[in-house]
Amino acid sequence: DSDKLKAGQTVIAIGNALGEFQNTISLGVISGLHRTITASGSQAGPETLREVIQTDAAINPGNSGGPLLNLKGEAIGMNTAIAQGAENIGFALPISLAKKDLRDFQNFGKIRYGFLGVRYIIVTPQIKEEKKLSVDYGALIIKGPQGEKAVYSGSPAEKIGLREGDIILEFGGIKINADNSLAELIIKKTVGEKVSLKVLRDGKEVMFEAELAEMPES
């Protein structure tokens, strides 16, 4: 259970260091929790990772995907990234984030992602001023840069009647802002799960309930 971790706790990292030294074991402690980092190196480009575990257990290129263990031998994280140019600053994704993916793979043979079906921008104080909005947080449903639909046809969002100009203030009771984007909140949910949405429409707050679909492949 990676939600119960504490700074200073002893951890063990195992991985394929440098892609050459299989099952390399290193020992250290949790040196930080709830970190946010921007990781590069994937084919998709830089990616912002939130809530990651920081450790001083030596993690090297090739370690990614290996487990970070506690002293009971339980996997508490997945080794993911290192801070370049630093001494023993590595990062692991909490195992709580991987549990849903593991269940999906066991049950369906693939990882499934929840899908609401809206295009949006995060409302910030600057966006509030630019667009003359009444709130400085939430997800403003808006068309794409090439005029793509704000709400996908046949999506859960369309089925419950969401439309361009709506601002989703809360998703599952959690306030949407720069630290809790709509995409990050959706990815923590499962396909088929029903979620409440608090929406600002024409100056009034309205409650909706959406059943998340599986994200289309296209």
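Preceding this section is the structure that the text describes.
What you see is a predicted model; the values in this text were computed from it and never measured. (Residues numbered from 1 in each chain as written. Predicted model: local features only at pLDDT ≥ 70, side-chain atom pairs only at ≥ 80, totals over all residues. Heavy atoms only, no water.)

The next thing to look at is the pattern of salt bridges. One pass over the full model with this rule turns up nine salt bridges. A salt bridge links Glu184 to Arg50, with the nearest nitrogen and oxygen atoms 2.5 Å apart. Taken together, the residues Glu184 in helix α4 (residues 182-187) and Arg50 in strand β3 (residues 47-55) connect sequence positions 134 residues apart. Connected via shared salt-bridge partners are Lys110, Arg112 and Glu214. (Salt bridge = Lys/Arg side-chain N within 4 Å of Asp/Glu carboxyl O. Helix = DSSP H or I, 4+ residues; strand = E, 2+ residues; numbered from the N terminus.)

A word on the sheet that holds strand β5 (residues 75-82). Strand order in the closed barrel formed by six strands is β1-β2-β3-β6-β5-β4, with antiparallel pairing between adjacent strands. Adjacent strand axes in the sheet meet at a mean angle of 55°, parallel and antiparallel pairs treated alike. Sheet topology note: the strand β2 (residues 21-39)/β3 ladder contains six bridges and is antiparallel. Its bridge partner lying in β3, Ile37 is registered against Leu49. Along the sheet face, helix α1 (residues 95-108) touches β5 and β6 (90-94) and points at about 45° away from the line of β6. (Pairing = 2+ DSSP bridges. Axes fitted to C-alpha atoms, helices over the stretch in contact; angles between N-to-C directions. Contact = heavy atoms within 4.5 Å.)

Let's shift gears to a nonpolar patch on the surface. Taken together, the side chains of Phe105, Ile111, Tyr113, Ile187 and Met215 define a hydrophobic patch exposed on the protein surface, amounting to about 470 Å² of accessible area. Of note, Tyr113 is situated in the loop between α1 and β7 (114-115). Taking the relative accessible area as the measure of exposure, Tyr113 reaches 34% and is therefore partly exposed. (Patch = residues over 30% accessible without salt bridge, like charges linked within 9 Å, V, L, I, M, F, W, Y side chains within 5 Å. Areas by Shrake-Rupley, 256 points an atom, 1.4 Å probe, with all protein chains shown as cover. Buried < 20%, exposed > 50% of the residue type's maximum accessible area, 1.4 Å probe, protein only.)

A few words now on the packing of aromatic side chains. Summed over all chains, the structure comprises one aromatic pair. The residue whose ring lies beneath Arg112 is Phe108, and the NZ or CZ to ring-centre distance is 3.7 Å. A cation over a ring is seen here: Lys175 above Tyr137, with NZ or CZ 4.2 Å from the ring centre. (Phe/Tyr/Trp six-rings, centres within 6.5 Å; stacked < 30°, edge-to-face > 60°. Lys NZ or Arg CZ within 6 Å of the ring centre and 35° of its normal.)

Take α1 next. The end-to-end C-alpha distance of α1, which contains 14 residues, comes to 20 Å, matching closely the 20 Å that a straight helix rising 1.5 Å per residue would cover. Those residues of α1 that fall on the buried side of the exposure criterion are Ile95, Lys100 and Asp104. Among the structural elements, β5, β6 and α4 are those in contact with the buried residues of α1. Of the residues trailing α1, Gly109 is marked for its positive phi of about 80°. (Expected span 1.5 Å × (residues − 1).)

Within the element layout of this structure, Arg201 appears in strand β12 (residues 194-201). Among the polar contacts listed, one links the side chain of Arg201 to the backbone oxygen of Gly161, at a separation of 2.8 Å. When neighbours within four sequence positions are excluded, Arg201 is seen to be in contact with Gly161, Leu162, Arg163, Asp166 and Phe208. (Polar contact = N/O pair within 3.5 Å; in protein donor to acceptor, adjacent residues only side chain to side chain.)

With that settled, the discussion passes to the nonpolar core. In this structure, Leu116, Val118, Leu162, Ile168, Phe171, Leu182 and Leu197 are the most contacted members of the largest nonpolar core, which totals 21 residues. For this core, the secondary-structure elements that each account for two or more residues are β9 (139-141), β10 (167-171), α4, β12 and β13 (204-211). When near neighbours in sequence (up to four residues on either side) are disregarded, Ile168 contacts Leu116, Val118, Gly138, Ala139, Ile141, Leu162, Ile176, Leu182, Leu197, Lys198 and Val199. Formed by 10 residues, the second largest nonpolar core is a distinct cluster that contains Val11, Ile53, Ile59 and Ile76. (Core = buried A, V, L, I, M, F, W, Y, C linked by side-chain atoms within 4.5 Å.)

Turning next to the side chain of Thr55. Looking at the secondary structure, you find Thr55 in strand β3. Judged by its relative accessible area of 0%, Thr55 is buried. Among the polar contacts made by the side chain of Thr55, one reaches the main-chain carbonyl oxygen of Val29 at a distance of 2.9 Å. Setting aside its immediate chain neighbours within four residues, Thr55 contacts Val11, Val29, Ser31, Leu68, Asn88, Ile89 and Gly90.

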